[in-house]
Amino acid sequence: MKPRDETDENLRRVMINLVVIAVFTILMSTAIVYMYDAEPDIEAELMDGYARQFAGSATNAHWQWQAEGRPEMIMLVHYDRDGKEVGRRPVRMAHFGWPKVEANSEGCTRVWEQLLNMPAKVEGFRVIGEYYASDNDDAKVPNARCRFRVSTGPYFDYSIYTGVVTRGE
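Described below are features of the structure shown in this document. (Residues numbered from 1 in each chain as written. Predicted model: local features only at pLDDT ≥ 70, side-chain atom pairs only at ≥ 80, totals over all residues. Heavy atoms only, no water.)

The next point concerns the overall build of the protein chain. When you go through the protein chain residue by residue, the secondary structure sums to 3 helices and 8 strands. Its helices and strands in sequence order give the protein chain the pattern α-α-β-β-α-β-β-β-β-β-β, from N to C terminus. Its C-alpha atoms give the protein chain a radius of gyration of 28 Å, clearly above 15 Å, the size a compact globule of 169 residues would have. On the principal axes, the C-alpha backbone points of the protein chain span a range of 100 × 45 × 20 Å. Taken across its 169 residues, the protein chain has 29% of its residues classed as buried. The long-range fraction of contacts in the protein chain, counting pairs at least 24 apart against all pairs at least 6 apart in sequence, stands at 41%. In the structure as shown, the protein chain presents an accessible area of about 11500 Å², 55% of it carried by carbon and sulfur atoms. Positive and negative charge centroids in the protein chain, built from 20 and 25 side chains respectively, lie 3 Å apart. (Helix = DSSP H or I, 4+ residues; strand = E, 2+ residues; numbered from the N terminus. Rg over C-alpha atoms; globule rule 2.2 N^0.38 Å. Buried < 20%, exposed > 50% of the residue type's maximum accessible area, 1.4 Å probe, protein only. Contact = heavy atoms within 4.5 Å. Areas by Shrake-Rupley, 256 points an atom, 1.4 Å probe, with all protein chains shown as cover. Lys, Arg positive; Asp, Glu negative; His and termini not counted. Charge placed at Lys NZ, Arg CZ, Asp CG, Glu CD.)

This is the structure:
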């Protein structure tokens, strides 16, 4: 049989080891959570940029439509950051002054391509354009919208009747 002092010493070492393991686990968990939260969400950043660009193009189309005497179709010119023309897209305009969207998801995808002058893709992933019909039949202005998203991540909505772009997540 071991002397009582030796048993107490062994128990003390086991307890110290358990405390060291617990402290190490807590520190590692905290570091992992901190690093995960500190890492920027690239998809969200990209979709936020596309939302701003989409809103700007929709507004440009609206004012060009006004300036040209409210035609059925305009030729929307796209520029890069240096002001150099990078493309032109015909955009069919609705009678209320915003790019016309067919009442289906293909219409949403088409307006993405027209206003952003690019295919509906973000970092190689397909952007899903979903059409949502108005859910407020009593209102003076219907709220039909297109929602653009990458899988289940970040998205933005484009209000078809008002041209308003709203970011979400």
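Having seen it, we continue.
As a further point, take the pairing of strand β2 (residues 85–92). Both strand β1 (residues 73–79) and β2 contribute to a ladder of 7 bridges, which runs antiparallel. Counterpart to Met75 in the pairing with β2 is Pro90. Counted between consecutive antiparallel strands, the loop separating β1 from β2 contains 5 residues, among which Gly83 sits at a positive phi close to 85°. (Pairing = 2+ DSSP bridges.)

Attention shifts here to the packing of aromatic side chains. Geometry of an aromatic ring pair is reported as the spacing of the ring centres plus the angle between the planes. Here the structure, examined in full by the defined rule, presents 8 aromatic pairs. Relative to Phe148, the ring of Phe54 has its centre 5.2 Å away and its plane inclined at 50°; by these criteria the two rings are tilted. Here the residue Phe54 occupies a position in helix α2 (residues 42–67), and Phe148 occupies one in strand β6 (residues 145–149), the gap between them amounting to 94 residues. In terms of burial, Phe54 and Phe148 fall into one category: buried. Here the aromatic rings of Trp112 and Phe156 are separated by 6.0 Å at their centres, their planes lie at 25°, and the arrangement is stacked. Pair noted here: Trp112 is in helix α3 (residues 105–116) and Phe156 is in strand β7 (residues 155–159), with a separation of 44 residues, a long-range link. Taking the ring centre of Tyr132 as reference, the NZ or CZ of Arg145 above it sits at 4.7 Å. (Phe/Tyr/Trp six-rings, centres within 6.5 Å; stacked < 30°, edge-to-face > 60°. Lys NZ or Arg CZ within 6 Å of the ring centre and 35° of its normal.)

With that out of the way, let us pick up the packing of α2 against α3. For the pair α2 and α3, interaxial distance at closest approach is 9 Å and the crossing angle is 80°. Judged by the angle between their axes, α2 and α3 are roughly perpendicular. In this structure, α2 contributes Tyr50, Gln53, Phe54, Ser57, Ala58 and Ala61 to the contact, and α3 contributes Val111, Trp112, Leu115 and Leu116. Here the residues of the contact of α2 with α3 sort into 8 nonpolar, 2 polar and no charged. (Axes fitted to C-alpha atoms, helices over the stretch in contact; angles between N-to-C directions. Parallel < 35°, antiparallel > 145°, perpendicular 65-115°, else oblique. Nonpolar A, V, L, I, M, F, W, Y, C, P; charged D, E, K, R; others polar.)

It is worth spelling out the pattern of salt bridges at this point. Summed over the entire model, instances satisfying the criterion amount to 9 salt bridges. For Glu9, the salt bridge goes to Arg12, with nearest N and O atoms at 3.4 Å. With a gap of 3 residues between them, Glu9 and Arg12 both fall in helix α1 (residues 4–38), about one helical turn apart. Its relative accessible area of 31% is what places Glu9 among the partly exposed residues. Close ionic contact of Arg92 with Glu72 constitutes a salt bridge, the shortest N to O distance being 2.6 Å. With a gap of 20 residues between them, Arg92 in strand β2 and Glu72 in the loop between α2 and β1 connect regions that are remote in the sequence. The exposure class assigned to Arg92 is partly exposed, which follows from its relative accessible area of 35%. Residues joined by salt bridges that share partners form a network here, namely Glu9, Arg12 and Arg13. (Salt bridge = Lys/Arg side-chain N within 4 Å of Asp/Glu carboxyl O.)

Function cannot be inferred from these measures alone, as they are strictly geometric.
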